[in-house]
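# Fold and contact review
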Amino acid sequence: MTRNPNLDILTVKTSISQKNEDRQLDLNKELIGERPEWWWTGKPPKYGICPGVHLNGKISSLPILNLEKCSRQDIFDYFDNTWTLTEVLFSALQGVPIFYQSPYHQLRHPLIFYYCHPAVFYINKLLLAGILTDPINPYFEQLFETGVDEMSWDDLSKNEMEWPSIIKVHQYRKQVYETIKNIIETSSEIDKLPITPEHPMWTLFMGFEHERIHLETSSVLIREFPLSVISRPKNWPENYPIDETKSNLLTQISEDYIANKMIQISGQEVSIGKPYSHPTYGWDNEYGLRTTMVEEFSASQFLVSNGEFYQFVKDGGYNQKQYWTESGWKWRIFRNVKWPTFWVASGAAGSHQYQLRTCFELINMPWSWPVIVNYHEAKAYCAWLTEKEHTEIPYRVITESEHHLLRDKHSSDPSDQYKINFSNKDQQENKLSQNINLAYGSESTVNALLPTDSGFYDVFGNIWEWCEDDFNPLPGFKIHPIYDDFSTPCFDGEHKMIMGGSFISTGDESSIFARFHFRPHFFQHAGFRLARSEKATTSNAVYLSSNNHHNVYENQMILNEYLLLHYGSTEDTMPYAFGPKDATNFPSRCAQLLTEWTKKLEIIPNRALDLGCAVGKASFELAKTFKEVIGLDLSANFIAAANTLKQDGNLTYFCKDEGDLGHQIIATLDPKIERDRVTFQRADACAIPPYLVGFDAVLVSNLLCRLPSPKACLSRMGGARGLVKLGGILVVISPYTWLEDFTPKDVWLGGYKKDGIAHFSADEIQDFLKDDFALLHQEDIPLIIREHRRKYQYIVSHAMIWQRI
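About the cut-offs
Throughout, a residue's number is its position along its own chain's written sequence, starting from 1. Given that this is a predicted model, residues contribute local features only at a pLDDT of at least 70 and side-chain atom pairs are listed and counted only at 80 or more, while totals for whole chains, interfaces and linings are drawn from all residues. As a rule here, side-chain values come from all non-hydrogen atoms in the structure, and water together with hydrogens is ignored. Here the nonpolar core consists of buried residues drawn from Ala, Val, Leu, Ile, Met, Phe, Trp, Tyr and Cys, with membership extended through side-chain atoms lying within 4.5 Å. With a 1.4 Å probe rolled over the protein chains alone, any residue whose accessible area is under 20% of its type maximum counts as buried; one over 50% counts as exposed, and the rest are partly exposed. Comment: elements are numbered from the N terminus, with helices defined as DSSP H or I runs of at least four residues and strands as E runs of at least two. Only heavy atoms enter the contact rule, under which two residues are in contact if any of them lie within 4.5 Å. Charge counting follows a simple rule: Lys and Arg are positive, Asp and Glu are negative, and His as well as the terminal groups are ignored. A carboxyl oxygen of Asp or Glu within 4 Å of a side-chain nitrogen of Lys or Arg is what we treat as a salt bridge. Side-chain atoms alone can form a polar contact between residues adjacent in sequence; in general such a contact is a pair of N or O atoms within 3.5 Å, and within protein one must be able to donate a hydrogen while the other accepts it. The convention used is that axes are lines fitted to C-alpha atoms, helices contributing only their stretch in contact, and that angles between N-to-C directions extend from 0 to 180 degrees. Should an angle fall under 35 degrees it is taken as roughly parallel, and over 145 as roughly antiparallel, whereas 65 to 115 is taken as roughly perpendicular and any remaining angle as oblique. Take the far helix as the reference: if the near one is turned anticlockwise from it by less than a right angle, the crossing is left-handed, and if turned clockwise, right-handed. Aromatic rings from Phe, Tyr and Trp, taking only the six-membered ring of Trp, are treated as a pair when their centres fall within 6.5 Å; an angle between ring planes under 30 degrees marks them as stacked, one over 60 as edge-to-face, and anything in between as tilted. In this scheme, a helix's expected span is set at 1.5 Å multiplied by one less than its residue total. Any two strands with at least two DSSP-identified bridges between them are counted as paired. As a per-residue measure, pLDDT tells how confident the predictor is, with possible values from 0 to 100.

## Some words on the nonpolar core
Of all hydrophobic cores here, the largest spans 169 residues; its most connected members are F99, F205, F528 and L730. Sorting elements by how many residues they give to this core places helix 3 (residues 111–128) first, with twelve residues. Setting aside its immediate chain neighbours within four residues, F205 contacts L65, L67, C70, I75, I195 and Y281. A614, I665, L783 and I801 belong to the second-largest nonpolar core, a separate cluster that totals 49 residues.

Structure representation (structure tokens):
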């Protein structure tokens, strides 16, 4: 099934192979309906007990803390509110099986992961910061450490693995809660205000805000599951009230949604960036400063509503390729999408009658609520509307810079201590200016709340707004050492920005400085606002796609060079007799090195992992010895080429001689290789899927110095769920070519001086791995990359052979 099965007849699998406690059968009954008291590992959601719970029993978010003057009790309250919000959300899951079911699209982990992941994050980051000295559960703290940022909409290489029981995860959450509570109660550092990014307690607030991000993303996953396994938590805020007279299934809805209009904004200068002096927590991508001159443009007064988008659906917009980008159309075809993912068809085929799936229920379609779509759908709508109105000025979505001009002046003032908050009294009197911080439990009508001074509604709150911009760093961007890969892996031209927050955005994500992002096929509580300008291009948008270093390996020229590096003969790679022919066939020599040491150590060659496999030659060579080989690489081009070779045994590519001149070469595999032993898939070496564990041999070749967080990769080699099994072999090969284009300088493993002392990468790797591995051997390995007939790269990589102890 490719489309969203929200209300399709779907039975969640019950034959789970979890090693659960004897209590598991009774537990299934206890997790249906209202949660028993034991469920709450922190404070139960009761008025007067848990901060943020109102007299009516509904919980909402406390405002983000002011880190210049927050008291210990303020921190306690914010933590308890954060923790209980998570447990209220997960109380929607009915029964045990749903915790272990992956979403319909198979692009995320099962929900048991997200139930435990925020708790694990606290411990791992507090350990890294030195606030804690000992882990609570090393196995959990590796298994639940890293989430999923799927490579593409058809990346279905997800986990078939055994997750711990709910009882064990629940017990772990109780331990973490008590640990954080003890830190807040006893740490003298908390009294040392202000708490800044350099403050040791910044890490604690990082945990709070990270959990609040997952509160939102987990709610989207829950919205994607069938209602048969979901129930609205009694403590969740009420949905925004619907006007039933304008909420129906009728085909004719032209009068049932609010008319939108475009408002002109004059050109102005915009400054983007959160000052380091601002007294609230912020993520690394928010800091820095960019000043941009925004040309005159117009934007829609309201977010595009379900009613407006209905016209696109009814007009067959999902079936007309001309409205879609190339990647958007591929996604639409693959998913067989015919209407927005949270619309549920409720009439005969072709009747265009729909209901809306909220987080926890199915309701009559509120046509004046904003439509929730991904970036591909938003762009298709813009193209359709441009054609429909016969306008020469195309519609598009807004840019980040333009979003700043929609705001009230005070919310753009960096010195303003602006907080989005509300009280029960405000809600009762309908004086809210934003549907944010869980004022409501759903989207709201696009004109329900207060507009900005310029007349724009929902600039903050209701749902996020997709932007034209690729996710990008601001000038002056610096990583935070405790979370060095929060943003940098996504500065890749493949993630689009979203701005403004949603009804469930809380904490920093509800602030005016939030800069969030997702891949364009991803679903969040996000929609869009129309924009257009006299110029067809959006000069103030930031694009990384065309020349960004992250995409260098998706370039056809680079693909050809790597195919030659991996599969080219010595004569093709280095045709000159005086050239270094011993530097050719580098991937094969790397695989041979690993194989020789596997035999020398008498390791049984069952499973091998080729991390950073590129176009796969080393993986195929390893398959001569190992029964199973997995090759991982981030490049879609590389993995596609490797899979073609696996399927066909050959692949034709271009060898460049000069300029546009060259000749075709056929890459071929040794017919003796059992190609079925090899599996290739895309994966981020900084976020290796948790189901990959226990290999007899791991090869990491010429990869580390192209990663945004090399230590994140190395940390997966050992530990409770290490890639390398006890007694297994690890081969790390690298030329240590550190470049800030790929790796922030703050996380280079070497190649710099600190306090007058030179630091070299090999020494840092040895220090990092020494607790889990014994270094057995080192050597230098030359390689050569042919760019064309008269230009070559000669490189000497350093190889280290390790055995896990």
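## Let's talk about the side chain of E209
Take E209: it is sitting in helix 6 (residues 202–223). We note that E209 is buried and unpaired, the nearest opposite charge coming from R212 at a distance of 4.8 Å. A polar contact of 2.6 Å, which involves the side chain of E209, links it to the side chain of Y78. Residues within four places of E209 in sequence aside, it is in contact with I64, Y78, Y281, W283, T506, G507 and D508.

## Considerations on the packing of helix 2 (residues 72–90) against helix 6
As a packed pair, helix 2 and helix 6 sit with axes 10 Å apart at the nearest point and diverge in direction by 20°. Classified by the angle between their axes, helix 2 and helix 6 sit roughly parallel to one another. Read as a crossing pair, helix 2 and helix 6 show a hand that is left-handed. Here I75, Y78, F79, N81, T82, W83, L85, T86, L89 and F90 of helix 2 come into contact with helix 6, specifically with L204, F205, F208, E209, E211, R212, L215, S218, S219 and I222.

## What to know about the packing of aromatic side chains
Taken as a whole, this structure holds 66 aromatic pairs when the rule is applied. Between F205 and F208 the ring centres are 5.3 Å apart and the planes differ by 75°, which places this aromatic pair in the edge-to-face class. Taken together, the positions of F205 and F208, both in helix 6 and three residues apart, correspond to about one turn of that helix. Here F205 falls in the buried class, since its relative accessible area comes to 2%. By relative accessible area, which is 0% here, F208 ends up buried. Aromatic pair F620 and F680: ring centres 5.3 Å apart, planes at 70°, arrangement edge-to-face.

## Focus on helix 12 (residues 556–567)
End to end, helix 12 covers 16 Å across twelve residues, agreeing with the expected 16 Å (1.5 Å per residue, within 8%). Buried residues dominate helix 12, accounting for ten of its twelve residues. Buried within helix 12 are the following residues: I558, L559, N560, E561, Y562, L563, L564, L565, H566 and Y567. Two to three positions downstream of the cap, the backbone nitrogen of M557 sits 2.7 Å from a side-chain oxygen, assigning the N-cap of helix 12 to N555.

## Quick word on the sheet that holds strand 15 (residues 628–633)
Overall, mixed pairing links the seven strands, which are arranged 18-15-14-19-20-24-23 in an open sheet. Of all strands in the sheet, those with a lone pairing partner are strand 18 (678–682) and strand 23 (773–788), marking the two edges. Put simply, the sheet's adjacent strands are angled 15° from each other on average, direction ignored. With six bridges connecting them, strand 19 (residues 695–701) and strand 20 (residues 724–734) associate as parallel partners. Opposite F695, over in strand 20, you have V724 as the bridge partner. In the packing of helix 16 (residues 636–648) onto the sheet, contacts are made with strand 15 and strand 18, and the angle to strand 18 comes to roughly 160°. Those strands touched by helix 18 (residues 761–769) are strand 20, strand 23 and strand 24 (791–804), and its axis lies near 25° from that of strand 24.

## Overview of unusual backbone geometry
For the bond running from L193 to P194, omega is 0°, close enough to zero to count as cis. With respect to the element layout, P194 can be found in the loop between helix 5 (166–186) and helix 6. Positive phi values are uncommon outside glycine, yet H390 reaches one of about 55°. Following the sequence through the fold, H390 ends up in the loop between helix 9 (375–388) and strand 8 (396–397). For H390, a relative accessible area of 72% translates into the label exposed. Of note, the phi angle at D458 is positive, near 55°, even though the residue is not glycine. Turning to its location among the elements, D458 is positioned in the loop between helix 11 (424–428) and strand 9 (464–470).

## What to know about the pattern of salt bridges
When their charged atoms lie close together, side chains carrying opposite charge are able to pair. Applying the stated criterion across every chain yields a total of 28 salt bridges. The shortest N-O distance in the salt bridge between K725 and D696 comes to 3.3 Å. Of the two residues, K725 sits in strand 20 while D696 sits in strand 19, which places them 29 residues apart along the sequence. With a relative accessible area of 5%, D696 lands in the buried category. One salt bridge in this structure joins D767 and K770, with 2.9 Å as the shortest N-O distance. For D767, a relative accessible area of 42% gives the class partly exposed. A relative accessible area of 48% places K770 in the partly exposed class. Look at the salt bridges and you will find they share partners, linking K274, E286 and D508 into a network.

## Focus on the sheet that holds strand 12 (residues 526–527)
The strand order across the open sheet formed by four strands is 11-10-9-12, and the pairing between neighbours is mixed. Where the open sheet ends on each side, the last strands, each with one partner, are strand 11 (516–518) and strand 12. Taken together, the two bridges between strand 9 and strand 12 define a ladder with parallel strand orientation. Looking at the pairing, W464 lines up with A526 of strand 12.

## Observations regarding the confidence of the model for the protein
Of all residues in the protein, 90% attain a pLDDT of 70 or more, and the chain-wide mean is 91. Contacts of residues 8–22 to residues separated by more than four positions or lying in other chains number 28 contacts, the stretch itself having pLDDT below 50.

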